[in-house]
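Structural characterization, general
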Amino acid sequence: VQLVESGGGLVQAGDSLRLSCAASGRTFRSFPMGWFRQAPGKGREFVAAINWSGLSTYYADSVKGRFTLSRDNAKNTVYLQMNSLKPEDTAVYYCAADFPWGYFEEANFGSWGQGTQVTVSS
């Protein structure tokens, strides 16, 4: 599956941003999707995941209550709505797929997008 992220940018602390990930190459509604992020000098960190139907989501504690993951299977797209952004949210955000639901470690994901930069200024 091919994944293309968009929507990154430079915002101020407290602002909101919505990232999108468009998928192609397979029946989109049949597989779960996830997001990771990588801050400068750090490893890739799990952010959130959504199952194939969109009825089940899972979030890292660091973003719970601020980020919301949704999907539109008709458009083959997932959306990461990020509210109340903090400077520590600054990172390259990656969309990912091809993983078994419930196993959110980076090594379990088989497909990755190219990433989109999110920068939050204080």
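Residues numbered from 1 in each chain as written. Predicted model: local features only at pLDDT ≥ 70, side-chain atom pairs only at ≥ 80, totals over all residues. Heavy atoms only, no water.

Only one face of strand β7 (residues 67–72) is covered, namely the face carrying Phe67, Leu69 and Arg71; the face carrying Thr68, Ser70 and Asp72 is uncovered. When β7 meets strand β8 (residues 77–82), the two strands line up antiparallel, connected through six bridges. Across the sheet, residue Thr68 finds its bridge partner in β8, namely Gln81. In sequence, β7 turns back onto β8 through a hairpin of four residues, with Asn76 there showing a positive phi of about 55°. (Buried < 20%, exposed > 50% of the residue type's maximum accessible area, 1.4 Å probe, protein only. Helix = DSSP H or I, 4+ residues; strand = E, 2+ residues; numbered from the N terminus. Pairing = 2+ DSSP bridges.)

Attention shifts here to the sheet that holds strand β3 (residues 17–24). Two strands in a sheet stick together by hydrogen bonds in their backbones, pointing the same way (parallel) or opposite ways (antiparallel). One open sheet accounts for four strands, arranged β1-β3-β8-β7; its pairing is antiparallel. Whereas interior strands pair on both sides, the edge strands pair on one side only; in this sheet they are β1 (2–6) and β7. Mean inter-strand twist for the sheet, computed between neighbouring axes without regard to direction, equals 20°. (Axes fitted to C-alpha atoms, helices over the stretch in contact; angles between N-to-C directions.)

As enumerated under the stated definition, the model contains five salt bridges in all. Lys64 is the salt-bridge partner of Asp61, the closest N and O atoms lying 3.1 Å from each other. (Salt bridge = Lys/Arg side-chain N within 4 Å of Asp/Glu carboxyl O.)

Within the secondary structure layout, Glu105 lies in the loop between β9 (91–97) and β10 (111–112). Sequence-wise, Glu105 and Cys21 are 84 residues apart; in three dimensions their C-alpha atoms are separated by 19 Å.

Within the largest apolar cluster, 35 residues are counted, with the highest numbers of intra-cluster contacts made by Met33, Trp35, Leu80, Met82 and Tyr93. Those elements that place two or more of their residues in this core are β3, β4 (33–38), β5 (44–50), β7, β8, β9 and β11 (116–121). Those residues within four positions of Leu80 in sequence are excluded, and the remaining contacts are Leu17, Arg18, Leu19, Trp35, Val47, Ala48, Phe67, Thr68, Leu69 and Tyr93. (Core = buried A, V, L, I, M, F, W, Y, C linked by side-chain atoms within 4.5 Å. Contact = heavy atoms within 4.5 Å.)

Note on terminology: a disulfide is the covalent bond linking the sulfur atoms of two cysteines. Under the defined criterion, the tally for this structure stands at one disulfide. Between the sulfur atoms of Cys21 and its disulfide partner Cys95 the distance amounts to 2.0 Å. Measuring handedness by torsion sign, the sulfur bridge of Cys21 and Cys95 sits at about -80° and is left-handed. Separated by 74 residues along the polypeptide, Cys21 in strand β3 and Cys95 in strand β9 bring together distant segments of the chain. Judged by its relative accessible area of 0%, Cys95 is buried. (Disulfide = S-S within 2.5 Å.)

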